[in-house]
Amino acid sequence: MNGRPERILICSLAILLVGVYCYFKKTEKNPRYAGLFYKMAQDCKGQCPNEKKKYYYQKAVYHDPLFSNAYFEIASALEEEGRIDEAMPLYEEASRLNFRNSIANFKIALNGFKNGDLDRAVRHLQQAIKHSRRRYHDAYYYLGRIYEMRKDYRKAVWHY
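Residues numbered from 1 in each chain as written. Predicted model: local features only at pLDDT ≥ 70, side-chain atom pairs only at ≥ 80, totals over all residues. Heavy atoms only, no water.

Student: Which parts of the structure should I look at to understand the pattern of salt bridges?
Tutor: A side chain with one charge may pair with a side chain of the opposite charge, provided their charged atoms come close. If you walk through the whole model with that rule in mind, you get nine salt bridges. Between Glu81 and Lys54 there is a salt bridge, and its shortest N-O distance comes to 3.0 Å. With Glu81 in the loop between α4 (68-80) and α5 (84-97) and Lys54 in helix α3 (residues 50-63), this pair connects stretches of sequence that are 27 residues apart. Assessed through its relative accessible area of 29%, Glu81 is described here as partly exposed. In the salt-bridge network here, residues are joined through shared partners; they are Glu51, Lys54, Glu81, Arg83 and Glu86. (Salt bridge = Lys/Arg side-chain N within 4 Å of Asp/Glu carboxyl O. Helix = DSSP H or I, 4+ residues; strand = E, 2+ residues; numbered from the N terminus. Buried < 20%, exposed > 50% of the residue type's maximum accessible area, 1.4 Å probe, protein only.)

Printed below as a string of structure tokens:
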């Protein structure tokens, strides 16, 4: 009889340890999960609220901090909600991780243009044009405007 409470205590501790181990295994970062969460968010487009999509994209970023498309999608969702100040650092991270993301570069450039940071705007507009699969007419237009503001009319005309 004296051994029975000890067995119950040992079994309880073993079950508790297994539960703690499973919890930590479940919350451990796994880059394979990033693609799964990203796919869940993509499948959710048009059917789920923005919060749910952002949650899935954030889980993708949690599991793979180098997942540039997930950063871009979170930024786009924030921009849709009118939270551009929160979206800009995420666009910048997406651009930093994938410098060929022409849309992220254009968004950064447009923000720089609106805030008067023309050097930054030029740099990101040129990146957007360089890595776009199509002619990026808006990027050329804003480059033209910047060169016009700088009184470099030859470059302005060329970009217009």
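Text resumes after the structure shown.
Student: Even after reading the chapter, I still don't get the state of the cysteines, so can you show me in this structure?
Tutor: Disulfides are covalent bonds that connect the sulfur atoms of two cysteines. In total, this model carries one disulfide according to the counting rule given. Across a sulfur-sulfur distance of 1.7 Å, Cys44 and Cys48 are joined as a disulfide pair. Residue classification places Cys44 among the buried residues on the basis of a relative accessible area of 4%. According to the relative accessible area criterion, Cys48 is partly exposed, its value standing at 22%. (Disulfide = S-S within 2.5 Å.)

Student: What is the right way to read helix α8 (residues 137-149) from this model?
Tutor: Within an α-helix, residues lying three or four positions from one another point in the same direction, as the helix has 3.6 residues per turn. A rise of 1.5 Å per residue sets the reference length of α8, with its 13 residues, at 18 Å; its end C-alpha atoms lie 18 Å apart and thus fit the reference within 8%. Along α8, the residues classified as buried are Ala139, Tyr140, Tyr142, Leu143, Gly144, Ile146 and Tyr147. Looking at the packing, one finds that the buried side of α8 touches α6 (102-115), α7 (118-130) and α9 (153-159). Looking one or two places after α8, you find Lys151, whose phi comes out positive at around 65 degrees. (Expected span 1.5 Å × (residues − 1). Contact = heavy atoms within 4.5 Å.)

Student: In this structure, what is going on with the packing of α6 against α8? I would like to understand it.
Tutor: How two helices pack is summed up by the angle between their axes together with the distance between the axes. Closest axis-to-axis distance for the α6/α8 pair is 11 Å, and the angle between their directions is 30 degrees. Put simply, α6 runs roughly parallel to α8. Between α6 and α8 lies a crossing whose hand is left-handed. Contact residues: α6 offers Phe106, Leu110 and Phe113, while α8 offers Asp138, Ala139, Tyr142, Arg145, Ile146 and Met149. Counted by class, the contact of α6 with α8 contains seven nonpolar, no polar and two charged residues. (Axes fitted to C-alpha atoms, helices over the stretch in contact; angles between N-to-C directions. Parallel < 35°, antiparallel > 145°, perpendicular 65-115°, else oblique. Left-handed = near helix turned anticlockwise from the far one by under 90°. Nonpolar A, V, L, I, M, F, W, Y, C, P; charged D, E, K, R; others polar.)

Coordinates in, geometry out; function isn't part of it.
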